[in-house]
Amino acid sequence: MKISVFGTGYVGLVQGAVLADAGHLVVCVDINERKLEELRNGFIPIYEPGLESIVRNAVGQGLLSFTSNASEAINGSEVIFIAVGTPPDEDGSADLSHVLSVAQTIGSYISAYAVIVDKSTVPVGTADQVSETINNSLKTRGVAIEFDVVANPEFLKEGDAVMDCQRPARIILGTNSTRAESLMRELYEPFNRNHDKIIVMTPRSAELTKYAANCMLATRISLMNEIAIAADALGADIDSVRQGIGSDPRIGTHFLYAGTGYGGSCFPKDVSAMINTSQKHGIQPYILEAVEARNRAQKRVLFDKVMKYFDNNIKDKTFALWGLSFKPNTDDMRDAPSRVLMELLWQGGAKIRAFDPAAMKVAGEIYAGHQGFKLCDSSESALSGADALIVMTEWKQFKTPDFNLIKRILNYPVIFDGRNIYNPEKVKSIGINYFGIGRQSIFIS
Ligand SMILES: NC(=O)c1ccc[n+]([C@@H]2O[C@H](COP(=O)([O-])OP(=O)(O)OC[C@H]3O[C@@H](n4cnc5c(N)ncnc54)[C@H](O)[C@@H]3O)[C@@H](O)[C@H]2O)c1
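Quick caveat, the model's predicted, so the values are computed rather than measured.

### Re the nonpolar core
Part 1 of the reasoning: By size, the foremost hydrophobic cluster in this structure holds 43 residues, and its most contacted members are Ile 3, Leu 51, Leu 64, Val 79, Phe 81, Met 184 and Leu 187.
Part 2 of the reasoning: Among the elements that make up this core, the one with the highest residue count is helix H1 (residues 12-21) (6 residues).
Part 3 of the reasoning: If near-sequence neighbours (up to four positions away) are discounted, Leu 51 is found in contact with Leu 13, Val 14, Ala 17, Ile 44, Ile 46 and Val 162.
Part 4 of the reasoning: In terms of nonpolar packing, the next biggest core, distinct from the first, is built from 39 residues, Ile 238, Leu 302, Met 307 and Leu 321 among them.

What follows is the structure, given as structure tokens:
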């Protein structure tokens, strides 16, 4: 099948590459010329395990190409994906301008029946808006061309994106058209062999399903974070609590880890977009407002522990920071808890020596020229001259450090573990003070 994908970000690039890898002929379209140039030169602009090799193979086989020429890409495409960003507007609603701009472009160039697929996370009713926008463009052209819009939300996780696209847990198709449904079934056939993962519903239900999924996951995280605060205050251990409740099959083990709050490009914006949608429809989003409030507060929790340890004075202190990305296996720093922490540390007059296995380039661009920010070559070199260590991302590389070395290098023997990756007793046995989230602090000296 000939396919075009608008937007070569975390979703569009991975989806395009995976479809090409399965034998479809895919053209990825973007307006960012620099990104396209990098991709044409074989450079992958994002960090995503396994992506580089499938992009390279697909390009080598002539199944995947990159362009800014929308008309060329649309011409002959049976399926056209919209995978552009839907960032939050000032009021928290999803900004649909990129999606609708692509819809208008599609309406300007489409020449035969095609299925337009909304992959972006979009508010309920967007499929109708996309249809209307395309129809308006067709009217302006004075042509009548049939098309269908399918809401097909994406559930990939950054860090596992390739695998999630190749082996999706479910494929949601929001459509009322049997013609579109059968074309989409054909498109996804290579990923739907083992058992039928396709769930067909109306476009509105499909759009709401995506928000419901992210709101549910964000709620689990915020609830566990709140219980971790209680564990801190009550002398309980959140890890034991997690194991205790995770063993209940009605609850399950996923998304029960307390930490420094959720971040990334999806949960924060999708929760706030759902709040906005609810309010517009006269619904009071009691739960989601609380989820958001807990997350805001949670991003300060580790900082408050740092301040307490240093008697509310961190002026001219230097912190080694391990982990900048909002989670491991990605370079994405959008809404990352590390950013909130760093701002707070800087406000207190501190300096930061940071290391992240993947997000160094992204961080360098965000904080270019910042006096209090130094990117270091390794986790060890970040410790050099530092007063304390703060861990913000649970990268595998950080999980088994040389604690003796940490103790030797740091000016104060203290670790603030924002992801609860260390065994407090082990850290204590080396003579290091330890502060986690929802765990008993260890204060030796
Ligand atoms: N990142 C994730 O983990 C994830 C997961 C599921 C769903 N989503 C959703 O998918 C959508 C895309 O997210 P992302 O993280 O890939 O975004 P992104 O910001 O990484 O990429 C978006 C791309 O779209 C391009 N673009 C913008 N306007 C365009 C236009 N008119 N024509 C062509 N390209 C254009 C941008 O240049 C950019 O390269 C969002 O709605 C997001 O909520 C993201």
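### Looking at helix H3 (residues 51-60)
Part 1 of the reasoning: When we look at burial in H3, the residues that qualify are Leu 51, Ile 54, Val 55 and Ala 58. Projected down its long axis, H3 carries its buried residues within an arc of 100°, all on one side.
Part 2 of the reasoning: Turning to H3, the residues buried within the fold contact H1, strand S3 (64-67) and helix H7 (161-166).
Part 3 of the reasoning: Among the residues trailing H3, Gly 62 stands out with phi positive, at a value near 75°.

### Some points on the site of the ligand
Part 1 of the reasoning: Taken together, 28 residues are adjacent to the ligand, and Asp 30, Lys 35, Thr 86, Glu 158 and Lys 269 come closest.
Part 2 of the reasoning: Taking Tyr 10, its main chain carries an N or O atom lying 2.9 Å from an oxygen atom of the ligand.
Part 3 of the reasoning: Lys 35 is positioned such that a nitrogen or oxygen atom in its side chain is 2.6 Å from an oxygen atom of the ligand.
Part 4 of the reasoning: Relative to its unbound accessible area of 830 Å², the ligand is 89% covered by the protein chains.
Part 5 of the reasoning: Residues of the shell around the ligand, tallied by class, amount to 10 nonpolar, 11 polar and 7 charged.

### Overview of the packing of aromatic side chains
Part 1 of the reasoning: Within this structure, the stated rule accounts for 17 aromatic pairs.
Part 2 of the reasoning: Aromatic side chains Tyr 309 and Phe 310 sit 4.9 Å apart centroid to centroid with 85° between the ring planes, which places their arrangement in the edge-to-face category.
Part 3 of the reasoning: Taking the relative accessible area as the measure of exposure, Tyr 309 reaches 14% and is therefore buried.
Part 4 of the reasoning: Residue Phe 310 is classed as buried on the basis of its relative accessible area, which comes to 7%.
Part 5 of the reasoning: What links up through ring pairs into an aromatic cluster is the set Tyr 309, Phe 310, Phe 319, Tyr 412, Phe 416, Phe 435 and Phe 443.

### What about empty space enclosed by the protein?
Part 1 of the reasoning: Tallied over the full model, the rule gives 1 cavity of 30 Å³ or more.
Part 2 of the reasoning: Estimates place the volume of the largest cavity at around 40 Å³.
Part 3 of the reasoning: The wall of the largest cavity is formed by Asp 118, Ser 120, Thr 121, Val 122, Ala 151, Asn 152, Pro 153, Glu 207 and Lys 210.
Part 4 of the reasoning: In the lining of the largest cavity, the residues fall into 3 nonpolar, 3 polar and 3 charged.

Rules used in this analysis
Residues numbered from 1 in each chain as written. Predicted model: local features only at pLDDT ≥ 70, side-chain atom pairs only at ≥ 80, totals over all residues. Heavy atoms only, no water. Core = buried A, V, L, I, M, F, W, Y, C linked by side-chain atoms within 4.5 Å. Buried < 20%, exposed > 50% of the residue type's maximum accessible area, 1.4 Å probe, protein only. Helix = DSSP H or I, 4+ residues; strand = E, 2+ residues; numbered from the N terminus. Contact = heavy atoms within 4.5 Å. Arc of directions from axis to C-beta. Near = heavy atom within 4 Å. Polar contact = N/O pair within 3.5 Å; in protein donor to acceptor, adjacent residues only side chain to side chain. Areas by Shrake-Rupley, 256 points an atom, 1.4 Å probe, with all protein chains shown as cover. Nonpolar A, V, L, I, M, F, W, Y, C, P; charged D, E, K, R; others polar. Phe/Tyr/Trp six-rings, centres within 6.5 Å; stacked < 30°, edge-to-face > 60°. 1 Å grid on protein atoms, 1.4 Å probe; cavity = no way out; pocket = protein on both sides within 12 Å on 5 of 7 lines; lining within 4 Å. Points joined across faces, edges and corners; volume = space filled by probe spheres on them.

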